[in-house]
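# Observations on the three-dimensional arrangement
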Amino acid sequence: MSTKDLFKRGEEIRREVLGEGYVANSAASTDAFSEPMREFAIKNLWGDVWDRPGLDRRARSIVNLALLSAANRPSELKVHLRGALNNGVTREEISEIFLQVALYCGIPTGSDATRIARLFFAEYDAEQAAQAAR
């Protein structure tokens, strides 16, 4: 697949997983300094790896939540919580993922991930309610 095709496919997958609003905000907040990183991620992460047949999107979301929690990447964890919900991972499953993280990476790590998720869920629920009211 060409670089142009990888970018196009990556943007499609990002929109499907993270939602149009997130992708639009990401593009709007990109500047000349951050554009190369955004383009690299879209082509390689989203256009290539997320499009591979070996795991479905739900499984990739589960792996991402565990890895981002373990790596202490709260900003990316918040982004991928949205993706996980969009990919059919339930809140109960997310809670179980963070218990698994706590077991293998330490209770503070699992607790931080749980705290981030609780805050995200409150924002997400408010966002969903506002959209439903429109």
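Residues numbered from 1 in each chain as written. Predicted model: local features only at pLDDT ≥ 70, side-chain atom pairs only at ≥ 80, totals over all residues. Heavy atoms only, no water.

## Re the UniProt feature "domain: Carboxymuconolactone decarboxylase-like" (unreviewed entry) in the protein
In the numbering used here, UniProt assigns the feature "domain: Carboxymuconolactone decarboxylase-like" (unreviewed entry) to residues 43-118. Secondary structure across residues 43-118 divides into 76% helix and 0% strand, with the first and last C-alpha atoms of the span separated by 31 Å. (UniProt positions renumbered as here; feature names shortened; annotations may be inferred. Helix = DSSP H or I, 4+ residues; strand = E, 2+ residues; numbered from the N terminus.)

## Digging into helix 6 (residues 91-105)
The end-to-end C-alpha distance of helix 6 is 20 Å, a good match for the 21 Å that 15 residues give at a rise of 1.5 Å each. Along helix 6, the residues that are buried comprise Ile94, Ile97, Phe98, Val101 and Ala102. For helix 6, the buried positions fall inside an angular range of 145° around the axis, keeping them on one side. Seen from the buried face of helix 6, the exposed residues on the opposite side, beyond 90 degrees, are Glu92, Leu99, Leu103 and Tyr104. Residues of helix 6 that are buried make contact with helix 4 (57-70), helix 5 (74-86) and helix 7 (107-133). One or two steps after helix 6, the chain reaches Gly106, where phi turns positive at roughly 110°. (Expected span 1.5 Å × (residues − 1). Buried < 20%, exposed > 50% of the residue type's maximum accessible area, 1.4 Å probe, protein only. Arc of directions from axis to C-beta. Contact = heavy atoms within 4.5 Å.)

## Points about the packing of aromatic side chains
For any pair of aromatic rings, the description rests on two quantities: the centre-to-centre distance and the angle between the ring planes. One pass over the structure, following the stated rule, counts three aromatic pairs. Centroid distance Phe120 to Tyr124: 5.5 Å. Interplanar angle 35°. Geometry classified as tilted. Here the residue Phe120 and the residue Tyr124 both occupy positions in helix 7, the gap between them amounting to four residues, near one helical turn. The burial state of Phe120 is the same as that of Tyr124; both residues are buried. Here the aromatic residues Phe120, Phe121 and Tyr124 are joined through ring pairs into a cluster of three or more. The ring of Phe121 has Arg91 lying over it, and the distance from NZ or CZ to the ring centre is 4.4 Å. (Phe/Tyr/Trp six-rings, centres within 6.5 Å; stacked < 30°, edge-to-face > 60°. Lys NZ or Arg CZ within 6 Å of the ring centre and 35° of its normal.)

## Side note on the pattern of salt bridges
Tallying each qualifying case throughout the model produces 13 salt bridges. For the salt bridge of Glu123 with Lys78, the shortest nitrogen-to-oxygen distance reads 2.8 Å. On the criterion of sequence distance, the pair formed by Glu123 in helix 7 and Lys78 in helix 5 is long-range, its members being 45 residues apart. Relative accessible area serves as the criterion here: at 34%, Lys78 is assigned to the partly exposed category. When the shortest N-O distance is used, the salt bridge between Arg91 and Asp125 registers 2.5 Å. A residue pair is termed long-range when its members are at least 10 positions apart, and Arg91 in helix 6 and Asp125 in helix 7 qualify at 34 residues. Its relative accessible area of 37% is what places Asp125 among the partly exposed residues. Each member of the salt-bridge network shares a partner with another, and the members are Glu11, Arg14, Arg15 and Glu20. (Salt bridge = Lys/Arg side-chain N within 4 Å of Asp/Glu carboxyl O.)

## With respect to helix 7
The terminal C-alpha atoms of helix 7, which comprises 27 residues, lie 39 Å apart, in line with the 39 Å expected from a rise of 1.5 Å per residue. Every buried residue belonging to helix 7 is among Gly110, Ala113, Ala117, Phe120, Phe121 and Tyr124, and all of these are buried. Packing partners of the buried residues in helix 7 comprise helix 4, helix 5 and helix 6.

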